[in-house]
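What the coordinates show
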Amino acid sequence: DQKQRDADRVAALRRPLIAALSRGSINNRLSAAQHLGVLALPDTAIHLARTGANLQPPHDATHAVQMRFIAARVAAIEAAGSLDDAESIPVLDEIVASGSQHSRVRHAAFWALARSSHATAAEPLRKRVRGGDDELSISLACLGLARLSRDEQRVEDVVVVDRIARSTNSPAVRRACSFAA
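The following paragraphs examine the structure supplied in this document. (Residues numbered from 1 in each chain as written. Predicted model: local features only at pLDDT ≥ 70, side-chain atom pairs only at ≥ 80, totals over all residues. Heavy atoms only, no water.)

Here's the deal with the overall build of the protein
Put simply, the test is: Going along the chain from the N terminus, every DSSP run of H or I of four or more residues is numbered as a helix, and every run of E of two or more is numbered as a strand. Only protein chains enter the accessibility calculation, which uses a 1.4 Å probe. A residue is then buried if its area is under 20% of the maximum for its type, exposed if over 50%, and partly exposed in between. This count recognises Lys and Arg as positive and Asp and Glu as negative, with His and chain-terminal groups excluded. By convention, the charge on Lys lies at NZ, on Arg at CZ, on Asp at CG and on Glu at CD.
Counting secondary structure elements, the protein contains ten helices and zero strands. Taken along the three principal axes of its C-alpha coordinates, the protein extends 55 × 50 × 20 Å. Within the protein, the fraction of its 181 residues that count as buried is 45%. Here the protein contributes 24 positively and 20 negatively charged side chains, and the mean placements of these two sets differ by 4 Å.

The following block contains the structure:
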């Protein structure tokens, strides 16, 4: 009986917060994303990742409003990453692969992939580290690969990460990739 009441309470918390991600003021959406990340309710990571990927400001939005939308997207992606759900990995992969996403949104997705405990998160990082990207993205990809790379791909990943560490002009990338190698 107690377990059923707890499950009902979780559902009662989850429903309005998920609904708030898709409608209402941008401040409510931002708050809902942050709460969902902290509460770690089940089956919410995919909703958070999709919100982070797709939330867009109105076309006539001021710069300040656009920045709030970006903050809400980043909060949603960070919350999805903190929940560490494998279902969100394909959405995060789409975000990091998209050149049209804001850099803060892409960096949040790189962070979410790099902190994942699922081996499937390594492939998007592997693609980006080999394809090249900005300094922070490459640094996060190197660190994520150090955590996630397994078995037969581990040796190849270490070689690539070591090559990046030796050839880069960026001190931040050199440090992150050297640590990862």
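Observations regarding the environment of S149
The following threshold applies: The contact criterion used is simple: two residues touch if any of their non-hydrogen atoms lie within 4.5 Å.
Inspection of the secondary structure assignment puts S149 in the loop between α8 (135–148) and α9 (151–167). Separated by 89 residues in the primary sequence, S149 and D60 have C-alpha atoms spaced 44 Å apart. S149 has contacts with R126, R154 and D157, leaving out every residue within four places of it along the chain.

Thoughts on the nonpolar core
Rule in force here: Each nonpolar core is a collection of buried residues, namely Ala, Val, Leu, Ile, Met, Phe, Trp, Tyr and Cys, held together in the definition by side-chain atoms within 4.5 Å.
One finds L48, I77, I95, V129 and C177 to be the most contacted residues of the largest nonpolar core, which totals 54 residues. In terms of residue count, the dominant contributor to this core is helix α4 (residues 63–83) (ten residues). Those residues in contact with C177 that sit more than four places away from it in its chain are I138, C142, V161, I164 and A165.

Structural notes on the side chain of T168
Secondary-structure assignment places T168 in the loop between α9 and α10 (171–180). Taking the relative accessible area as the measure of exposure, T168 reaches 17% and is therefore buried. Among all residues touching T168, those that are not within four sequence positions of it are V173 and R174.

Section: the pattern of salt bridges
Threshold: Salt bridge, as applied in this entry: a Lys or Arg side-chain nitrogen positioned within 4 Å of an Asp or Glu carboxyl oxygen.
Tallied over the entire structure, the rule returns five salt bridges. Across the salt bridge formed by D93 and K127, the nearest N and O atoms sit 3.2 Å from each other. Note that D93 is positioned in helix α5 (residues 89–97) and K127 in helix α7 (residues 122–131), a separation of 34 residues in sequence. Accessibility expressed as a relative area gives 42% for K127, which makes it partly exposed. A salt bridge links D134 to R106, with the nearest nitrogen and oxygen atoms 3.7 Å apart. Taken together, the residues D134 in the loop between α7 and α8 and R106 in helix α6 (residues 103–114) connect sequence positions 28 residues apart. The partly exposed category is assigned to D134, whose relative accessible area is 29%. Members of the salt-bridge network, linked through shared partners, are E123, R126 and D157.

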